Amino acid sequence: MSNSTTASPQKSSDVTIQGLTYPTDSYTNVTPRIISKVGCNLHNQKYHPLNLIRHRIQNYFDTYFTTHIGSPVFSVFDNISPVVSVYQNFDSLLFPPDHPGRTVSDTYYVNSQQLLRAHTTAHQEDLIKMGLDAFLVAGDVYRRDEIDASHYPVFHQMDAVRLFQEKELFARVNDPTNLSIFEDGKRTADKQEFHSLEAAKLLEYDLKKTLSGLADCLFGKEVEMRWVDDVYFPFTHPSWELEIMFEGEWLEVLGCGITEQKILHNAGASHKVGWAFGLGLERLAMKLYNIPDIRLFWSNDPGFLKQFRVDDPNTPITYKPISSYPPCINDMSFWIPNEEFRSNDFYDLVRSVAGDIVERVELVDEFTQVAKQRTSHCYRITYRHMDKTFTQAEVNDLHTKVGRAATDLLGVTLR
Ligand code: FA5
Ligand code: MG
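Residues numbered from 1 in each chain as written. Chains lettered and ligands numbered in written order. Predicted model: local features only at pLDDT ≥ 70, side-chain atom pairs only at ≥ 80, totals over all residues. Heavy atoms only, no water.

All right, on to the sheet that holds strand E15 (residues 413–414) then. An order of E13-E14-E12-E15 is seen for the four strands of this open sheet, with the pairing classed as antiparallel. Two strands lie at the open edges of the sheet, namely strand E13 (358–369) and E15, each paired on one side alone. Where strand E12 (residues 328–335) lies against E15, two bridges are found, and the strand directions are antiparallel. In the strand pairing of E15, Trp 335 is matched with Thr 413. Strands in contact with helix H10 (residues 343–354) are E12, E13 and strand E14 (374–383); relative to E13, the strand with the most contacts, it is inclined by about 140°. Along the sheet, helix H11 (residues 392–410) contacts E12, E14 and E15; its crossing angle with E12, the most-contacted strand, is approximately 25°. (Pairing = 2+ DSSP bridges. Helix = DSSP H or I, 4+ residues; strand = E, 2+ residues; numbered from the N terminus. Contact = heavy atoms within 4.5 Å. Axes fitted to C-alpha atoms, helices over the stretch in contact; angles between N-to-C directions.)

Below, the structure is given as structure tokens:
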């Protein structure tokens, strides 16, 4: 990596993110559009809805979780760089080598060593190593994900970890004398092999109480929510997801679970046990403010932002759509170049070419001509402008550009 004090000029194969230059290699797949989002830190921008909601969450933890002298239990980090190592994002969290999250079709790599974090969980080990027992991490995260009203390639998460020593966890139990947090047992659906059932159940209770308390605090007790079990994360067991009802459908807002003991062991906290969660700030803000589309968080339209200009984050706000313009839906069919072709590459390309005007891209048809050994994909692209009605001619023009870019950059053959 070069820096400003070295004389060597920047090579065209380098990429610069936030003033730092990184070498590129065959893993590099960050696009200029994605890099332009690094440093925006919407969660730290005064009057932004993501900033308001993250303060409401922080206030919940500051209010209900205090030490015996009244200071907050949870330390807060909101400014850690999103460029992390493969180790931080995956290995430290026990992702198996063949986990799909590691592939270039799911993650934005700066190069084979560094990437744009795919979750704020990437900082967990570092912070536990610092000796912290309770912390919150807010930040921007990056994923090559599907595109629709609730998925965007850059979004914001808030992670938390809470660790307990034996005495602390059992403090609420009537007669803890014969209880231990550890045992040399078997891994079951309810617990890890190292944990006693009592410890696992107390942690689960504490975790779910903390999170349902947060949901009540944000949305009121009337909100419909449900716990989903049978969830897998490499870094927690057991694991759960919390879903809330939004516009008539269940919306997943967070993942959580009991921290894998191996992580605590690697971070020098073997004698503790704990829980962790990671929530999506956009998804919670969509519910809280009734924001129908995740792209609106990136809007510079004063009509959007001025609705959130409040100094007290607890002020009730219901978003009023500035106006709603009709969508234009165009299909695109092509022969894919080979078996390695990934839909995520196409999703990314559509975003790079057409930007936020794309509301949704979905694979609607796929078939293989066995004789000719070729496979066709058909994608339905929904274009919708936030500020005006599109003419069909404008959309056709954009659609042609997308087709040309797919031909040139992905090697597809339009049908
Ligand atoms: C995670 O990212 C885990 N790191 C969460 C976690 C942390 C679990 C600690 C256990 C312990 P997941 O991929 O489900 O999990 O994302 C967490 C939340 O981020 C989701 O529930 C959702 O609210 C939000 N989210 C995920 N993908 C997107 C997306 N493309 N756009 C907007 N929000 C998203
Ligand atoms: Mg999930």
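Following the structure, the description resumes.
The subject of this paragraph is the packing of aromatic side chains. In this description, a pair of aromatic rings is defined by centroid distance and the angle of the planes. Taken as a whole and judged by the stated rule, the model has 23 aromatic pairs. Through pairs of rings, three or more aromatic residues link up here, namely Tyr 60, Phe 61, Tyr 64, Phe 65, Phe 74, Trp 275 and Phe 277. One cation-aromatic arrangement involves Lys 37 over Trp 298; the distance from NZ or CZ to the ring centre is 4.4 Å. Lying over the aromatic face of Trp 227, Lys 208 brings its terminal NZ or CZ to 5.5 Å of the ring centre. (Phe/Tyr/Trp six-rings, centres within 6.5 Å; stacked < 30°, edge-to-face > 60°. Lys NZ or Arg CZ within 6 Å of the ring centre and 35° of its normal.)

We now examine empty space enclosed by the protein. Considering all chains together, one arrives at three cavities of 30 Å³ or more under this definition. Looking at the largest cavity, its volume works out to about 70 Å³. Contributing elements (two or more residues each) for the lining of the largest cavity: helix H1 (32–35) and H10. Residues that form the lining of the largest cavity fall into these classes: four nonpolar, two polar and four charged. Per-domain counts for the lining of the largest cavity show at least three residues from each of domain 1 (32–296) and domain 2 (328–414). The computed volume of the second largest cavity comes to approximately 60 Å³. In this structure, the second largest cavity is lined by Leu 211, Leu 214, Ala 215, Leu 218, Phe 219, Leu 242, Ile 244, Val 253, Leu 254, Leu 279 and Leu 284. (1 Å grid on protein atoms, 1.4 Å probe; cavity = no way out; pocket = protein on both sides within 12 Å on 5 of 7 lines; lining within 4 Å. Points joined across faces, edges and corners; volume = space filled by probe spheres on them. Nonpolar A, V, L, I, M, F, W, Y, C, P; charged D, E, K, R; others polar. Domains from an automatic or database assignment.)

Let's shift gears to helix H8 (residues 281–289). Side chains of residues three or four places apart in an α-helix project in the same direction, reflecting 3.6 residues per turn. A large share of H8 lies buried, amounting to eight of its nine residues. All of the buried residues along H8 are Leu 281, Glu 282, Arg 283, Leu 284, Ala 285, Met 286, Leu 288 and Tyr 289. Each element contacted by the buried residues of H8 is listed here: helix H2 (49–64), strand E7 (154–164), helix H6 (197–219), strand E9 (236–246), strand E10 (249–259) and strand E11 (273–280). A positive backbone phi angle near 65° is found at Asn 290, which sits one or two residues after H8. (Buried < 20%, exposed > 50% of the residue type's maximum accessible area, 1.4 Å probe, protein only.)

In this section: the pattern of salt bridges. For the structure on display, the rule yields 24 salt bridges. The residue Arg 33 makes a salt bridge to Asp 356 at a minimum N-O spacing of 3.1 Å. Residue Arg 33 is located in helix H1, and its partner Asp 356 is located in the loop between H10 and E13; the two are separated by 323 residues in the primary sequence. The class of Arg 33 is partly exposed, set by a relative accessible area of 25%. What makes Asp 356 partly exposed here is its relative accessible area of 25%. (Salt bridge = Lys/Arg side-chain N within 4 Å of Asp/Glu carboxyl O.)

Once that is clear, we can look at H6. End to end, H6 covers 32 Å across 23 residues, agreeing with the expected 33 Å (1.5 Å per residue, within 8%). With its phi angle positive at about 85°, Gly 220 sits one or two positions after the end of H6. (Expected span 1.5 Å × (residues − 1).)

Around ligand 1, 24 residues are found, and the nearest of them are His 119, Thr 121, Arg 143, Glu 252 and Val 253. Between ligand 1 and Thr 121, the relevant distance is 2.7 Å, taken from a nitrogen atom to a side-chain nitrogen or oxygen of the residue. With respect to ligand 1, the backbone of Leu 254 contributes an N or O atom lying 3.2 Å from an oxygen atom. Burial of ligand 1 by the protein chains amounts to 94% of its free accessible area of 680 Å². Judged by its atoms lying within 2 Å of the grid points, ligand 1 is housed in the largest pocket. Among the secondary structure elements, those contributing two or more residues to the shell around ligand 1 are E7, E10 and E11. Here the element with the most residues in the shell around ligand 1 is E10; it accounts for five residues. (Near = heavy atom within 4 Å. Polar contact = N/O pair within 3.5 Å; in protein donor to acceptor, adjacent residues only side chain to side chain. Areas by Shrake-Rupley, 256 points an atom, 1.4 Å probe, with all protein chains shown as cover. Sits in = over half its atoms within 2 Å of the grid points.)

This part takes up the domain arrangement of the protein. Domain parsing of the protein yields domain 1 (32–296) and domain 2 (328–414). Look at where the C-alpha atoms of domain 1 and domain 2 centre, and you get two points 34 Å apart. Taken together, the contact between domain 1 and domain 2 spans 16 residues of the former and 16 residues of the latter. A per-residue breakdown of the area domain 1 buries against domain 2 is headed by Arg 33, Ile 147 and Arg 295, which together make up 51% of the total. The tally of links from domain 1 across to domain 2 stands at four salt bridges. In this structure, Arg 144 and Asp 348 form a salt bridge, with 3.2 Å as the shortest nitrogen-oxygen distance. (Buried area = accessible area lost by both parts, 1.4 Å probe.)

A cis amide bond links His 237 to the next residue, Pro 238, at an omega of -10°. Residue position: Pro 238 is located in strand E9. Backbone geometry places Tyr 47, a non-glycine residue, at a positive phi of 70°. Looking at where Tyr 47 falls in the secondary structure, it is placed in the loop between H1 and H2. Residue Tyr 47 is classed as buried on the basis of its relative accessible area, which comes to 18%. In this model, Gln 373 sits at a positive phi of 50°, which is unusual for a non-glycine residue. Here Gln 373 lies in the loop between E13 and E14. By relative accessible area, Gln 373 is classed as exposed at 71%.

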